[in-house]
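# Examining the three-dimensional arrangement
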Amino acid sequence: MQANQTIFVVPDMSYNSTLRIVTVEPGGLTATHTDKLRILVNFGQHARELVTSEIALGLLRVLADPARELLTLLERRRVGSPIPMLELLAKSVWKVIPLENSRGRAVVEAGRFCERRNGRGVDTNRNWGVDWGKKEPDYDPNEEFPGTKAFSEPEANLVREAAVLFQPHIWINVHSGMEALFMPFDHKVGAPGGGGAAASNATLAMLAGVNKEVFGGRCVVGPGGKSVGYLAHGTATDYMHGILKVPVSLTWEVFGDESAAYEDCYRMFNPTTREGLEAVVDSWTAAFFALLSRVPDHMGMPRQFWSPQLAAQVAAVRARDGLGLTRPAVLGSWGLAPWMGASLAVVAFFVVLFRRRGRSRATHAAQ
Ligand SMILES: [Zn+2]
């Protein structure tokens, strides 16, 4: 485990922020992470969602000593089976950002409990370059001011830089306000279709499994924009998915008290009892490992992590369809069942197709 800290100063020097990233490789630190499963997790993006950083500490505690902490956690929460999970952990590297928005957090700690933006009033989860700056009819600058341009803010730049260098397979942006497991898109209704449909279906199945196993099915699961009830523009998760091509890009919402008064933000976004806090930290720490245990079933993950069943399914489809098939009939079968059309040639076709779409989305967002 090692920690690094970087600083970003805006060009006119009027504002800056530092970002601390903790890197954990349960199998031992290595110089390159090429063959590892790479997971990037972000906490504390919105200032008032204090509880998220507590979960960061819960996760780090387990990652620091998985042989002991993971076993007791899984037993306590009745989640997963430890041996395959420990094996997968040994092949993984985690970069954990315990508190992205440290300047906003200081504002909250000084007593402004409803502040969610950064130290100069910008929502750092509206400052990213996909569909940046678009406003919904109920737009409130006190909540969602997206900045003067995409990536105007140090926080968004620092996290993007970390992702570009690390090239994660999984990105999880942890928030509070409700209980939900979200996937793209945030800025429009629905999940990725066309070439992205198969991976999207696999992600949805992954999240539904985590929801059932850890939360008894009580979380909202699905695309963020559709499931949360409002569209969000310029979010980190849409950028990770659309531009950086992170195969599994997620936003988790870990707690919400809908009975809290509108002005009682502390209570709305954070548990107020010790037992409540411990339950949130424990269950969401377990959720990371419930997700990890489903990596071998997701064909968007690197091939060396596939389960024998998934590898066999892909091989069977390959043998049936032969290499080089990219007929529309085969494409259609992907939308119906994730594994049906999984010849490698089709996968390659989708990668090309999806990259093209991603680029056109980026171009559109920049205009
Ligand atoms: Zn939030």
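Keep in mind that what you see is a predicted model, and the values were worked out from it rather than measured.

## Examining the coordination of the zinc ion
Here the zinc ion is held by the protein donor atoms His46 (ND1), Glu49 (OE), Glu49 (OE) and His175 (ND1), which lie 2.1 to 2.5 Å from it. Coordination at the zinc ion comes from four donor atoms whose angles at the metal span 56 to 141°, giving a geometry best classed as irregular. With relative accessibility at 3%, the residue His46 sits in the buried group. The class for His175 is buried, based on a relative accessible area of 2%.

## Some thoughts on the pairing of strand 4 (residues 92-97)
Counting buried positions over the six residues of strand 4 gives six, a clear majority of the element. Here strand 4 shows a buried face lined by Ser92, Trp94 and Val96 and a second buried face lined by Val93, Lys95 and Ile97. In this sheet, strand 4 lies alongside strand 2 (residues 16-24) in antiparallel orientation, the contact comprising three bridges. Bridge pairing in strand 4 links Thr23 to Lys95. In terms of strand pairing, strand 3 (residues 37-42) meets strand 4 through six bridges, oriented parallel. Following the sheet pairing, Leu40 is matched in strand 4 by Lys95.

## Focus on the pairing of strand 5 (residues 170-175)
Of all six residues in strand 5, six are buried; the element is thus mostly enclosed. The alternating pattern of strand 5 places Ile170, Ile172 and Val174 on one face and Trp171, Asn173 and His175 on the opposite face, and all of these are buried. Summarising the sheet, strand 3 and strand 5 pair through four bridges and their orientation is parallel. Bridge pairing in strand 5 links Asn42 to Asn173. Relative to strand 8 (residues 248-254), strand 5 runs parallel, the two sharing six bridges. When the sheet's bridge partners are listed, Asn173 is paired in strand 8 with Thr251.

Parameters and conventions
- Residues numbered from 1 in each chain as written.
- Predicted model: local features only at pLDDT ≥ 70, side-chain atom pairs only at ≥ 80, totals over all residues.
- Heavy atoms only, no water.
- Donors = N, O, S within 2.8 Å, 3.2 Å for Na, K, Ca; no water.
- Tetrahedral: all angles 85-135°; square planar, octahedral: opposite > 155°, others 65-115°.
- Buried < 20%, exposed > 50% of the residue type's maximum accessible area, 1.4 Å probe, protein only.
- Helix = DSSP H or I, 4+ residues; strand = E, 2+ residues; numbered from the N terminus.
- Pairing = 2+ DSSP bridges.

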